[in-house]
Amino acid sequence: MAIDNPGAGAPNESKPDETEARCRRLAEHCSDMIALLDLEGRYLYVSAASMPLFGQTEADLLGRHAVEFAHPDDADKLPAIIAQIRRTPRVHTLTFRRRRKDDQFCWVESKVQGVLGPDGTVSEIILTARDISERRQAEEELRIAALAFEAQHGMIITGPDGAILRVNRGFTEITGYSAEEVIGRNPSMLKSGRHDQMFYQALWNSVEETGSWKGELWNRRKNGEIYPQWLSISAVRGVSGQISHYVGSFADITQHKADTDKIEHLAFYDPLTRLPNRRLLEERLSQSLITSLRSKREGALLFIDLDNFKIINDTLGHDKGDLLLQQTAQRLTACVRESDTVARLGGDEFVVMLEELSENRAEAAAQTRIVGEKILAALDAPYRLSPYEYECSASIGVALFGDHRQNMHDILKQADLAMYRAKTGGRNGIRFFDPEMQASVSARTALESELRRAIREKQFVLHYQPQVDAGGRLTGAEALLRWQHPTRGLVFPDNFISVAEETGMIVGLGRWVLETACEQLAAWAKRPETAHLSLAVNVSAGQFRQTDFVNRVLETVRQSGADPLRLKLELTESMLLDDIEDTITKMQAMKHHGLSFSLDDFGTGYSSLAYLKSLPLSQLKIDRSFVTDVHTDPNAAAIAKTIVFLAQSLGLTVIAEGVETEVQRRFLDENGCRDYQGYLFSRPLPLDEFERFTVKREE
Ligand SMILES: Nc1nc2c(ncn2[C@@H]2O[C@H](COP(=O)(O)O[C@H]3[C@@H](O)[C@H](n4cnc5c(=O)[nH]c(N)nc54)O[C@@H]3COP(=O)(O)O)[C@@H](O)[C@H]2O)c(=O)[nH]1
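If you're wondering where the values come from, they're calculated on a predicted model, not measured in any experiment.

Some points on the overall build of the chain
(1) Moving on: Broken down by element type, the chain carries 26 helices and 28 strands.
(2) Moving on: Sequence-distant contacts, at least 24 apart, represent 58% of the contacts inside the chain between residues at least 6 apart.
(3) Moving on: Total accessible area computed for the chain in this model is approximately 36,300 Å², and 52% of it derives from carbon and sulfur atoms.

Right under this line is the structure:
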């Protein structure tokens, strides 16, 4: 299509000057640029109303080539079209960047068309131009948004009610769900179950309050796999300010996390043994120093160095050396609790850090020594380094920590120094840094081996402490263990029972006590002056927890011929509460055979009414500490009275131990206690003296 030159005239139409005036009016009121160019592309006419469009005036334009105003990159476009129009005058549309008066470029959409002259050939060119910069920008933004939406990130758009409206390809690739499977549903379908309600509550609070939330989150893929993602949620608000959409963008960070873990592992773990390295040990040690300051519990650092490790490297080669170090790591790890730390400092140097030991330093040293000995024994066993078998002992230096004046480096140095002393002291041993600790640990080691020997050689005797009733009549006795030491004389249980308990020797020792006590009961039953006596025997937690404890007790009673009705087992609160169900079952089984139970040291532990009711007890024993103070401390007096009242309410008898004075006895008597034991009546006596005491009482 072409436009005829208005000046050329046309039959049956308006007169030419009228038409031209109309055209001019049209041009003068149109904000688009309307221009006439000659066939070279020079401006002949430019509509006045369009001047503000590009800022140029008629004077700036007329006679100038239109192409001069085109962006250099678009400069070829117009001449190419003019060349075509000269051949065929049809309409061409082109977009190009056109310079404005201020030298800025704007995007322009132009229609270019030939105007036929009287000879029917193209004599001029009519050009219209419109600024489309804003439209172009909007289109560009849309294009970028579309590209961004289809990026690798997962995208999810929901309505204000949370229903999914759109997801992208990235979403499908990461989650495994197609768009059809999720549209209309709630994103909660992707939840992994790893976060609680509070987590999601905080997330949505942030979106509501700040408009967005960013963070790490675990979700579940369609195949059930749980994976970590980095999620960013933004609320989109409409013109009214109401939330119209939520846009979520997320990346699968599984690989990133794995890489981070790997980097962390490399930084904090020894690659050969996979144990924590020095750096991590130091971190944990500083943390532990803070914790132990708060909890008041001691910790210990065991510095372990393999004896003669160099020889294995020199003789069997480094690969066997590596193998031995790996096995050492495994053995060390097996010797400690999961909460303790085993680290490799390098070479053949390892460190074990024990935490949460006793508050008492000597006890903590004893606990550490037990672990240290376990480690020595484990490391002393032959290593299988196929085809070789190799033996390699270790030396251990120990530093205790709990003293807040020590710092991490001091402790490591102390343990190292102690280890050095262990080496020079003959290897395959443990040394404590603190000489006092060393002395107490050495004494304990000696006590332990003496005790073992004493059990083997039966160096024990029982003493019997009389128990009397309100009328002063002898009702029975408590059997109390004594160690007849070959050089130290009579040793009292407070000096060895705890060691026997910690080492497990209490089981054998307790068995001996029970057998001896039952034999004694059976012997007394045969004599009229002692036949009425009952005997109380102390039982330790370690004994009671043995799975065959009940059978052993019943068997011992049966074999001795003792009357079970005269045997009373003294148990303590703490041991009973360990596993209350098991305790009740065991006690009931023994009670069924006639045995009775006295709750020793009552009032010093938990003293919970709930368990008291459920245990098949027959007696409560008021602890000596309350009895001692009944007339000096109103609290002790109140406790003693309460225990008597409690026992009466539960249908139990009550016995007071440690009664030393008549004042104490009278107070207890006035408050309903009818049975007593204590120095006021007699100290614990060797068998012959006890029997003489019995006869005297009978007289
Ligand atoms: N598991 C086992 N524990 C036992 C055994 N034999 C004793 N023990 C426990 O050892 C602790 C100390 O016992 P011991 O040194 O024999 O002291 C007992 C009495 O001598 C002492 N006592 C008694 N009357 C008085 C007194 O008037 N004053 C005073 N200062 N001390 C007195 O009390 C101890 C008896 O305590 P208890 O057993 O709580 O009745 C001690 O805890 C024993 O239990 C054993 O064979 N196995």
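Some remarks on a negative patch on the surface
(1) Moving on: The grouping of D259, D261, E264 and E283 at the surface amounts to a negative patch.
(2) Moving on: Ranked by residues supplied to the negative patch, first place goes to helix 9 (residues 254-268) with three residues.
(3) Moving on: Assignment of secondary structure puts E264 in helix 9.
(4) Moving on: By relative accessible area, which is 43% here, E264 ends up partly exposed.

Focus: the environment of R237
(1) Moving on: Residue placement: R237 occurs in strand 10 (residues 226-237).
(2) Moving on: Taking the relative accessible area as the measure of exposure, R237 reaches 43% and is therefore partly exposed.
(3) Moving on: Along the sequence, R237 and P160 sit 77 residues apart, while their C-alpha atoms lie 9.7 Å from each other.
(4) Moving on: Not counting the four nearest positions on each side in its chain, R237 is found in contact with E208, Q242, I243 and S244.

Digging into the side chain of E298
(1) Moving on: In this fold, E298 is placed in the loop between helix 10 (278-295) and strand 12 (299-306).
(2) Moving on: A relative accessible area of 8% means that E298 is categorised as buried.
(3) Moving on: Residues in contact with E298, not counting those within four places in the same chain, are E355, E356, L357, S358, E359, R361, A364, L400, F401 and G402.

Conventions we followed
Residues numbered from 1 in each chain as written. Predicted model: local features only at pLDDT ≥ 70, side-chain atom pairs only at ≥ 80, totals over all residues. Heavy atoms only, no water. Helix = DSSP H or I, 4+ residues; strand = E, 2+ residues; numbered from the N terminus. Contact = heavy atoms within 4.5 Å. Areas by Shrake-Rupley, 256 points an atom, 1.4 Å probe, with all protein chains shown as cover. Patch = residues over 30% accessible without salt bridge, like charges linked within 9 Å, V, L, I, M, F, W, Y side chains within 5 Å. Salt bridge = Lys/Arg side-chain N within 4 Å of Asp/Glu carboxyl O. Lys, Arg positive; Asp, Glu negative; His and termini not counted. Charge placed at Lys NZ, Arg CZ, Asp CG, Glu CD. Buried < 20%, exposed > 50% of the residue type's maximum accessible area, 1.4 Å probe, protein only.

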